[in-house]
Amino acid sequence: LATMAAVPPRLTNVEAQRVMAVLSDALSKLDLLSRVPQCRLPHSESMRDSLGVDVTQLLDEHVALERQYVAVTATPEGCLGGTLPDLETADDELRHSTRVVCRLLREAPGIVTQLQAARATEAGGGEAIVSETMSRFLSALHALQEQAGARLSTTVEEDKEGRETFEEVKARDEKAGQQIKQLRKELRAERASREADVSSRDAVLRKLRATLDTITNTAADEVKAIEAEGKAQEQADHATGAEREAALRAELARLKGELGSRRKEHRESEEALRKKKARCEGEVEQWIAKYDAEVGERYEELKALKAIYAEETAQLAELEAHFARLAAEREAELEAERRVAEELARQQAQERALHDGAARIQAVFRGKTERRLLEKRKAGKGGKGKKK
């Protein structure tokens, strides 16, 4: 349980695809940035005319930010003047500029080609377009992408099964090697024993011959005196030596026969072990072939899924564009309706103002008319009273 708890969780297919997509996107952006000269641009009027003022100005600003960042990082902290920003500000500005340049180069790949052509023309073909350090970094990142793809496309069960098979074959091979070593050790011991026995017998013969030479080199009188005895003893020793030699030859023939039989047994055992090893190697090759076939199938499935994903992404982009157009049309309609409503409200306000003005004029006119009539009535009543 502790071992299982220590194993990190397995990524899902979608997470694995996201990891590979992030690596691919990073590789693409780094490859584009590696084509742009660092801290300088080729001074070519034709390049500026072909790229345009906006693109040239954007690249010049990016180069200026790179130089500013190099100057900030090279200057000790606390010694920055008023013209240089702090490291965090320079880093943020360079990051934003890098993202803008990546987006520009991805949308217009022809800019990279024109930059490379202008740089090659300026350098006279003697300068590498991509630095060696950047090439090694891109190669390492490519290798990381391939390893991550291979690792993510292999299931835990397949990896575990392959490791178990390898350990089993390795254990069998080690056991066979130990058996061969043990048999060779026994053979060397047998040979050492035989050689020691032969050496001891040779030593006895050399000793007897040395004794015979010593006796031969003694005084002549002693030689003559013991010549008869020596001859007799020599004959006896010769007979005994012949018997012993015959016995030793018989023993040597027996030991050779035994050695031949043991060699035959060892040869048969070695042949059996070789066949067993060949069979194990065949099984390993079969497992490797099966593994390659399964990996190929998984790769084809991954390609099919990527194609489906690309198609659905294209459909999504079309739908988003369609809905964006609908939204724009809806906003235009709402704006037109709002303008119509404002114009209608303005007209109604004008009509209301005219109506209110007319009503006030009529009220004033009626008031004046009523006052005149009232004055006339008062005047008429006053004239009648005087007449009476």
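If you're wondering where the values come from, they're calculated on a predicted model, not measured in any experiment.

**With respect to the pattern of salt bridges**
- For the structure shown, the criterion picks out 15 salt bridges.
- Note that Arg254 is salt-bridged to Glu258, the shortest N-O span being 3.5 Å. Taken together, the residues span about one helical turn, with Arg254 and Glu258 both in helix H9 (residues 220-387) at a distance of four residues.
- Judged by its relative accessible area of 27%, Glu258 is partly exposed.
- Note that Arg330 is salt-bridged to Glu333, the shortest N-O span being 3.8 Å.

**Examining the nonpolar core**
- Counting residues in each nonpolar core, the largest one holds 10 residues, listed as Leu32, Leu51, Val55, Leu59, Val101, Leu104, Leu105, Ile111, Val112 and Leu115.
- Elements that contribute at least two residues to this core include exactly helix H4 (53-74), helix H5 (87-107) and helix H6 (110-123).

**What about a nonpolar patch on the surface?**
- Taken together, the side chains of Val204, Leu205 and Leu208 make up a nonpolar region of the molecular surface, amounting to roughly 260 Å² of accessible area.
- Position of Leu205 relative to the elements: it lies in helix H8 (residues 156-216).

**A closer look at the side chain of Ser97**
- Structurally, the position occupied by Ser97 is in helix H5.
- Here Ser97 is in contact with His62 and Leu65, once residues within four sequence places are set aside.

**Here's the deal with H5**
- Under the 1.5 Å per step criterion, the end-to-end length of H5 is 30 Å for 21 residues, consistent within 8% with the ideal 30 Å.
- When H5 is considered as a whole, its buried residues turn out to be Ala90, Leu94, Ser97, Val101, Cys102, Leu104 and Leu105. One face of H5 carries all of its buried residues, which in axial projection span an arc of 160 degrees. Exposed residues lying more than 90 degrees from the buried face of H5 are Glu88 and Glu107.

**Thoughts on the layout of surface pockets**
- Of the pockets and cavities examined, the largest pocket occupies roughly 1,300 Å³.
- Around the largest pocket, the lining is made up of 33 residues, and of these Leu205, Leu208, Arg209, Asp237 and Gly241 lie nearest the centre.
- For the lining of the largest pocket, the element with the most residues is H9, which contributes 20 residues.
- Split into classes, the residues belonging to the lining of the largest pocket amount to 12 nonpolar, seven polar and 14 charged.

**Let's talk about a negative patch on the surface**
- Taken together, Glu167, Asp173, Glu174, Glu281 and Glu285 make up a surface patch of like negative charges.
- Of all the secondary structure elements, the ones that give two or more residues to the negative patch are H8 and H9.
- A total of three residues in the negative patch trace back to one element, the largest contributor, which is H8.
- Within the secondary structure, Glu174 sits in helix H8.

The rules behind these values
Residues numbered from 1 in each chain as written. Predicted model: local features only at pLDDT ≥ 70, side-chain atom pairs only at ≥ 80, totals over all residues. Heavy atoms only, no water. Salt bridge = Lys/Arg side-chain N within 4 Å of Asp/Glu carboxyl O. Helix = DSSP H or I, 4+ residues; strand = E, 2+ residues; numbered from the N terminus. Buried < 20%, exposed > 50% of the residue type's maximum accessible area, 1.4 Å probe, protein only. Core = buried A, V, L, I, M, F, W, Y, C linked by side-chain atoms within 4.5 Å. Patch = residues over 30% accessible without salt bridge, like charges linked within 9 Å, V, L, I, M, F, W, Y side chains within 5 Å. Areas by Shrake-Rupley, 256 points an atom, 1.4 Å probe, with all protein chains shown as cover. Contact = heavy atoms within 4.5 Å. Expected span 1.5 Å × (residues − 1). Arc of directions from axis to C-beta. 1 Å grid on protein atoms, 1.4 Å probe; cavity = no way out; pocket = protein on both sides within 12 Å on 5 of 7 lines; lining within 4 Å. Points joined across faces, edges and corners; volume = space filled by probe spheres on them. Nonpolar A, V, L, I, M, F, W, Y, C, P; charged D, E, K, R; others polar. Lys, Arg positive; Asp, Glu negative; His and termini not counted. Charge placed at Lys NZ, Arg CZ, Asp CG, Glu CD.

None of the figures reported here should be taken as evidence of function without further support.
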